[in-house]
Amino acid sequence: MGEPIGLAVIGCGTIGRIRAELARETIAVGWLGLCDIDRDYAERLAKDTRADFVTTDVHELLGRPEVTAVIIATAENEHVEPIIAAAERGHALFIEKPLASDPVESARVLQVIESNGVDAVVGYTQRFRRRFQAVKQRLRDRQVGDVTTVVTRAFMNRMVPLATLAKTADRSRLTPMVVSGTHSLDMSMWLMEGKTPVEVYARSVESALAELGTKDGTFGVFTMDDGCIFSMNINWALPTVWPGSVYGLEIGIVGTDGVIDIEDTHRDVVLASHTPQPAGYTSKGFGPDAPRHVDFMTSYPPGDVSGGLLWGPMREETLTWYNRLTTGLTTPHATAADGHSNLLLTMAMDLSARTGKPVPLPVEPKELL
Ligand SMILES: NC(=O)c1ccc[n+]([C@@H]2O[C@H](COP(=O)([O-])OP(=O)(O)OC[C@H]3O[C@@H](n4cnc5c(N)ncnc54)[C@H](O)[C@@H]3O)[C@@H](O)[C@H]2O)c1
């Protein structure tokens, strides 16, 4: 057993708040420091979590002698600087995806993490769902034989792009695959562990969300080194009145001896009410433009608040990471290398859709620009 963690949380928005609140539920975290460039956000979270230290200056927080581990929960385009500053100090890292929104920067981030020997994980939260852990074990046990085809379909409420893109003018790389499809892609690649993609061919549609500066959806087919084909499909332009508050997923895995068909669209617990339902993703004060009266109740990916506590995969993921740091537990968190690879694969889909041609893999980060 190691010493209690001295935890720095950088970014005190929706996700930083959840992870900081969970830090106060465990004795694994002995000291908590917070940073956000928005002083009001930082101070409100500091009050709610009785934080030991709060600042608007990342370097001031990382310079504190108590810090041993860092959570990077800043907005998508703002990950690089705090990751590099923390890695150069040798702190363990928990990074919200993506490592960077620029593939060349992502490669640099990975290089700094690896050269400093830092234990860095990336927040692919859905790995911590019981159903996906159970599927993973059946695949490890070869219960479907050799996997030959995988089909993944992600349907997302457009509240996610509306809320995410409102935060930045730099939207060019915030595509459905890079921001959100990365979760379904990570899940699929993790379930297909051991297979290496050798080519991807994709097509995108830009219509309902074109005014926002993003695409509606991207469908692609990966070919793996053993001939397996993987069809990865996302549309994040479903209307705000769609009952799924964030996402619904289907994954079908067919092998030589069997099949696993995963229905994860959250239609098993449905609420209908005269009272409008809260938006799923409420980042930075976002509010939906139309009321939702039907709700697929467990479709908010981090989990659901009940009795003042969050229940769901982000609890499992965060507390398991605190245990990993204090006990040395081996955990299923995605590594920084997984995060970098996922970014390149999502961007390779966007490149193929842009050029209309298949993209041979692996691809150099600079080819994706
Ligand atoms: N794991 C998951 O399931 C999941 C779910 C949603 C979002 N995310 C990811 O989590 C990250 C944060 O998303 P969010 O919804 O909490 O966003 P948010 O906008 O609610 O919070 C981000 C915070 O970072 C702050 N910030 C921005 N630049 C900063 C900087 N340079 N230094 C310090 N603070 C800075 C902002 O002021 C803001 O308060 C994103 O990368 C997002 O993709 C992960």
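Here the residue numbers are simple positions, counted from 1 along each chain's written sequence. The model is predicted, so local features are restricted to residues of pLDDT at least 70 and side-chain atom pairs to those at 80 or more, both for listing and for counting; the totals for chains, interfaces and linings are taken over all residues. Hydrogens and water molecules were not included; the side-chain quantities draw on all heavy atoms of the structure.

Turning next to the sheet that holds strand E17 (residues 334-335). Being paired, for any two strands, means DSSP has found at least two bridges between them. Helix and strand labels come from DSSP, where a helix needs a run of H or I of at least four residues and a strand needs a run of E of at least two; each type is numbered from the N terminus. Spatially, seven strands are ordered E3-E2-E1-E4-E5-E6-E17 in an open sheet, and the strand pairing comes out mixed. Taken across any chain shown, the strands that pair with only one partner, and hence form the sheet edges, are strand E3 (53-55) and E17. Alignment of strand E1 (residues 5-10) against strand E4 (residues 69-72), held across four bridges, turns out to be parallel. Its bridge partner lying in E4, Val-9 is registered against Ile-71.

Here the focus is the pairing of strand E10 (residues 229-238). Most of E10 sits inside the fold, with seven of its ten residues counted as buried. Pairing analysis gives eight bridges linking strand E7 (residues 147-157) to E10, with the strands arranged parallel. If you follow Phe-155 over to E10, its bridge partner there is Asn-235. Both strand E9 (residues 217-224) and E10 contribute to a ladder of seven bridges, which runs antiparallel. Among the inter-strand pairings, Val-221 is bridged to a residue of E10, identified as Ser-231. Hairpin geometry of E9 and E10 is characterised by an intervening segment of four residues between the two adjacent antiparallel strands and by a positive phi of about 90° at Gly-227. Exposed residues in this analysis have more than 50% of their type's maximum accessible area, buried residues have under 20%, and partly exposed residues fall in between, with area computed by a 1.4 Å probe over protein chains only.

Counting 56 residues, the largest nonpolar core has Phe-222 and Ile-253 as the members making the most contacts within it. We call two residues contacting when some pair of their heavy atoms lies within 4.5 Å. Excluding residues that lie within four positions of it along the chain, Ile-253 makes contacts with Val-135, Leu-139, Val-147, Thr-149, Val-150, Leu-191, Gly-258, Val-259, Ile-260 and Ile-262. Note on terminology: a nonpolar core comprises buried Ala, Val, Leu, Ile, Met, Phe, Trp, Tyr and Cys residues joined through side-chain atoms within 4.5 Å. Of all hydrophobic cores here, the second largest spans 31 residues; its members include Ala-87, Leu-93, Ala-120 and Ala-336.

On to unusual backbone geometry, then. Of note, the bond from Lys-97 into Pro-98 is cis; its omega dihedral lies within 30 degrees of zero at -10°. Each neighbour pair has its own omega, and for Leu-361 with Pro-362 the value is 0°, a cis peptide bond. Positionally, Pro-362 belongs in the segment after strand E18 (359-360). For His-266, which is not glycine, the phi dihedral falls at a positive 65°. With respect to the element layout, His-266 can be found in the loop between strand E12 (259-264) and strand E13 (270-272).

For Ala-23, the position within the fold is in helix H1 (residues 14-23). With relative accessibility at 0%, the residue Ala-23 sits in the buried group. For the pair Ala-23 and Ala-69, spaced 46 residues apart in sequence, the C-alpha to C-alpha distance is 12 Å. If near-sequence neighbours (up to four positions away) are discounted, Ala-23 is found in contact with Leu-7, Val-29, Leu-32 and Tyr-322.

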